Amino acid sequence: MLYELRIYTMHEGRMEAILQRFRQHTLGIFERLEMKVYDFWIDQTGLPKLYYVMEYKDMEERQRLWGAFLQDPEWIEVKRRSEESGPIIEKIEGIFMNRADFFIR
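Below, the structure is looked at part by part. (Residues numbered from 1 in each chain as written. Predicted model: local features only at pLDDT ≥ 70, side-chain atom pairs only at ≥ 80, totals over all residues. Heavy atoms only, no water.)

**Digging into the overall build of the protein chain**
The criterion, for reference: Going along the chain from the N terminus, every DSSP run of H or I of four or more residues is numbered as a helix, and every run of E of two or more is numbered as a strand. Throughout, exposure labels follow a simple rule: accessible area from a 1.4 Å probe, protein chains only, divided by the maximum for the residue type, with under 20% read as buried, over 50% as exposed, and the rest as partly exposed. In what follows, residue pairs with any heavy atoms lying within 4.5 Å of each other are defined as contacts. A 1.4 Å probe and the Shrake-Rupley method give the accessible areas. Residues count as covered only by the protein chains that appear here. In summary, the charge assignment counts Lys and Arg as positive and Asp and Glu as negative, without counting His or the chain termini. Lys charges are placed at NZ, Arg charges at CZ, Asp charges at CG and Glu charges at CD.
Counting its secondary structure elements, the protein chain contains 3 helices and 4 strands. Counting every position in the protein chain, which comprises 105 residues, the buried fraction comes to 36%. Contacts spanning at least 24 positions in sequence make up 75% of the contacts within the protein chain whose residues lie at least 6 apart. Accessible area of the protein chain: about 6900 Å², with a carbon and sulfur share of 53%. Each charge class in the protein chain was averaged separately, 16 positive and 19 negative side chains, and the resulting centres sit 1 Å apart.

Put into structure tokens, the structure is as follows:
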């Protein structure tokens, strides 16, 4: 399995907008497209950041799923509407990981 840690840093004052977008739209689109969110966190220190981990079979699946997501008409409209008052995300970081063979979950 391949895991991707995604770290989003929001523009000042836009944290609630990203949380609302995930709650109301993005997670549902992920589910419809069969994109698996492994876990999800909000920064505990108050920084405008959120973190989530996606799980994929391999990099090919990751590329296919994100390609479908970025071209999805519902996503395109949700993103457009949610950013009418300005961009939400300042920076996205992606870190790809494989589970250590000695760790059993």
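Now, onward.
**Description of the side chain of E55**
Applicable threshold: We define a polar contact as two N or O atoms separated by no more than 3.5 Å, with the added condition that, inside protein, one atom must be a possible hydrogen donor and the other a possible acceptor, whereas residues neighbouring each other in sequence contribute only through side-chain atom pairs.
Within the secondary structure, E55 sits in strand β3 (residues 49–56). One polar contact links E55 to Y3, side chain to side chain, over a distance of 3.1 Å. A polar atom in the side chain of E55 sits 3.0 Å from the side chain of K36. Among residues more than four places away in sequence, those in contact with E55 are M1, L2, Y3, K36 and Y38.

**Some points on the sheet that holds strand β1 (residues 2–10)**
What counts, and what does not: At least two DSSP bridges between two strands are required for those strands to pair. For helices, the axis comes from a line fit to the C-alpha atoms of the stretch in contact; other axes are also lines fit to C-alpha atoms, and the angle between any two N-to-C directions lies between 0 and 180 degrees.
The 4 strands lie next to each other as β2-β3-β1-β4, forming an open sheet whose pairing is antiparallel. Each having just a single partner strand, β2 (36–42) and β4 (89–97) make up the two edges of the open sheet. For this sheet the average axis-to-axis angle between neighbouring strands, irrespective of direction, equals 20 degrees. Strand contacts of helix α1 (residues 15–32): β1, β2, β3 and β4, with the helix running at about 15 degrees to β3, the strand carrying the most contacts.

**Brief notes about the pairing of β1**
Counting buried positions over the 9 residues of β1 gives 9, a clear majority of the element. The alternating pattern of β1 places L2, E4, R6, Y8 and M10 on one face and Y3, L5, I7 and T9 on the opposite face, and all of these are buried. The pairing of β1 with β3 spans 8 bridges and is classified as antiparallel. The residue bridging E4 from the neighbouring strand is M54, located in β3. In the sheet, β1 pairs with β4 via 8 bridges, with the strands oriented antiparallel. Its bridge partner lying in β4, L5 is registered against I95.

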